[in-house]
Structure formats: C-alpha cells, structure tokens
Amino acid sequence: MQVGVIYAVVAYSVYACGDAIIKGFGQSLSVFEIGFFIAVFSLLPALFVKPKGEHWRQSFQLVHPRLVHLRAFTGVASAALVTYAFVNIPFAETYSLVFMMPLFITIMSVLILKERVDLTRWAMLALGFIGVMLVVRPGFRVLEPGHFAALGCAFFGGATTTILRIIASKEKRVSLIAVPALYVVVLNAILMMPSFIMPTPTQFLLLAVSGSFIGMGHLLIIAATRNAPASQVAPIQYVQIVWAIALGAIFYFEYPDLLAYIGLAVVVLSGLVNVFIDGARTRIAGRFAEYRALRTGPVTNITEVQGPEV
C-alpha cells in the first residue's frame, strides 16, 4: 500500500472524528460560534505549510478578486450549513447528502466550464442520487431543516470547487489559503456575537481538538496527494461514511435501518465507479501520450505531452 493512501485513510478518519465532536455540541452553542472556534484552531497547522517563494503579505495581491472573494463566501456558507446539519440530523444522513457534491460539481462543469460529460458519468451520478433518496426518503418522512442545510452544503461546496478550478492556476496559494480563512473567522465572529455564550473549559477543549483534527486532516490530504495518484486518494473519502455509521451508533445512538444501509452502499458504489473511470482515463491518456512521444521523437519532459481530450 502506498504511503499516500495511508495518509488519506488517516486524513478522512481524522475529519470524521472532528465532525463527530462538532455534532456533540448540539444546541449548546450557535453554529457561528462553533464555526469561529473550529476555524481558528484548524488554521494553526496551516501556518506551518506556507508555500515556498510566497509570503503571507502577498495574500491580497489578487488576479481575479471577485472570484476569490466569491469562493471565500461559498466556503463560509458550506461550512456553516454542514455544521448546522451535523448538530440537527443523524450523522450518516448528513454525509449522504453532502456526498451529492459531485453531482453539483458536474452540473456546474457543464454549465460554467463548458465541459463534456459522458453518459456513464451521468448514470453513476443518477445512481448516487437514488442512493441518497433511499437514505433520506422524502415524501415518506418529514424532512428537517438540517437535511436542506446538508444539501445546501453540497451545493456551495460544489461552487467552491468549481471556482477553485478556474482560479487555482492564476492565484498565489497563500491567497487561496488566507482569504477564505479570513472570511470564515471574521464572518463567524460577527454573526456569533448576538447569541455568544462563553464555552465551558470542556467545550473549549473539544473545540480545540475538533479544529486541530480538521486542520491536521487538511495537511494529511496534501501529503496524500503528493505521495499517491488522485485516483487512489479520492476513493478513500468514502471511509467517512463508515466512520459516520460507527461514531453515530457509539456516541449518539443513531442506527440506520436496512434501507438506509442499502442507500449508503449505493452512494459509495456510484462514487467509486466514477473515481475508477477517471483513473482509467488518466492511465489511457498517459499511455497515449507516451506512444505519441515515441512516434514524434524525444521530449524533455513526458509530463508536458498532452493526451486526448476526454
């Protein structure tokens, strides 16, 4: 097993544990107060990974300021909505709805980025949607605001990813780290003031642990992608559903029924098929590039050779 895959397993497991702690706060603190402290503590590990050759003072030297600020806003909205969902609906149901994010990303890639999506991918996304419906079952049970919040998280998370795909190659990495972080801290600080309650020492400790877990998870994902192909790292995210079932049962006495388990399995299956399809295409494109390079003469860097469009 590649070390990058191990990093990914630990990262997504740490994320799930951090999320489980957030769920434990229930209604004792506001969503914005939880978000503020989580953001502050999650930023501590990021201070040690500043990209070489860049400086924090360059964070607001932006090429596309409107898109950078829009991405920061969608990131804040996504984080606030998923926090609300965690504390109000079952853990596994939150994750199943949040894992609809690939559907929103695909739709936005077609409408905004003008990308082509083949029938197989649409079929797998539709299968994932069916899986979510089996878990949530609208029309057969009352949907709570937390369900809509989790769905909103998936939408805004998809928007965040789509905007990042547009600006990532043009903006400094310190900008992509610092601007969203500033939004999260400042907006949550403002919004938490009307209902601010001083956390107890125990709550403060749990906030610190949860925030640190999420910050460490981010660093581990970076390490994972540096040490293993994306096609091997991406499927590991579904370990979060396993953690959601286990942690929800152990700490919050949440037990999905058989139909929900089937729905979760369908969500995982559709996601894995999509990832493996992407991985296969990447390998085919790489082999085609190597073949073309051999036919047209040597190149100085094989990674510069482009494969066919897919």
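Provided above is the structure to which this section pertains.
Residue positions are counted from 1 within each chain, in the order its sequence is given. Since the coordinates come from a predicted model, pLDDT governs what is reported: local features require at least 70, and pairs of side-chain atoms require 80 or more to be given and counted, while whole-chain, interface and lining totals use all residues. Where side-chain values are given, they derive from all heavy atoms of the structure, hydrogens and water being excluded.

Peer 1: Teacher, can you tell me more about the nonpolar core here?
Peer 2: It is characteristic of soluble globular proteins that their nonpolar side chains tend to be buried jointly. Here, nonpolar core means buried Ala, Val, Leu, Ile, Met, Phe, Trp, Tyr and Cys residues that are tied together by side-chain atoms lying within 4.5 Å of each other. Each residue's exposure class comes from its accessible area (1.4 Å probe, protein chains only) as a fraction of the maximum for that residue type: buried when under 20%, exposed when over 50%, partly exposed otherwise. The biggest cluster of nonpolar side chains holds 50 residues, and the ones touching the most others in it are I34, F91, Y95, L207 and I241. Of the residues forming this core, the biggest block, six residues, is contributed by helix α2 (residues 31-46). With sequence-adjacent residues up to four places away left out, I241 is seen in contact with Y95, F99, L264, V267 and V268. Core analysis: the second largest hydrophobic core is formed by eleven residues, A11, I221, A224 and I236 among them. Helix and strand definitions follow DSSP, with helices as H or I runs of at least four residues and strands as E runs of at least two, each counted in order from the N terminus. Contacts are residue-level and defined by heavy atoms, with any inter-residue pair within 4.5 Å sufficient.

Peer 1: Is there a simple way to think about the side chain of D19 in this case?
Peer 2: Here D19 is to be found in helix α1 (residues 3-23). Non-local contacts of D19, meaning those with residues more than four positions away in its chain, are made with F86, F91, Y95, I214 and Q240.

Peer 1: Looking at this structure, how should I read helix α6 (residues 119-136)?
Peer 2: Turn by turn, an α-helix covers 3.6 residues, leaving residues three or four places apart pointing in a common direction. A helix's residues, less one, multiplied by 1.5 Å, set its expected span. Between the first and last C-alpha of α6 there are 26 Å, a value that for 18 residues agrees with the 26 Å anticipated at 1.5 Å per step. Among the residues making up α6, those that are buried are R121, M124, L125, G128, G131, V132, V135 and V136. Along the axis of α6, the buried residues cluster in a sector spanning 125°; they form a single face. As used in this structure description, the phrase polar contact means that two N or O atoms lie within 3.5 Å; if the pair is within protein, one of them must be able to donate a hydrogen and the other to accept it, and residues adjacent in sequence are counted only when both atoms belong to side chains. Among the residues of α6, the N-terminal cap falls to D118, whose side-chain oxygen and the backbone nitrogen of T120 are separated by 3.3 Å. Just past α6, the residue R137 takes up positive phi, approximately 55°. Starting at the helix axis, one direction is taken to each C-beta atom, and the arc is that of these directions.

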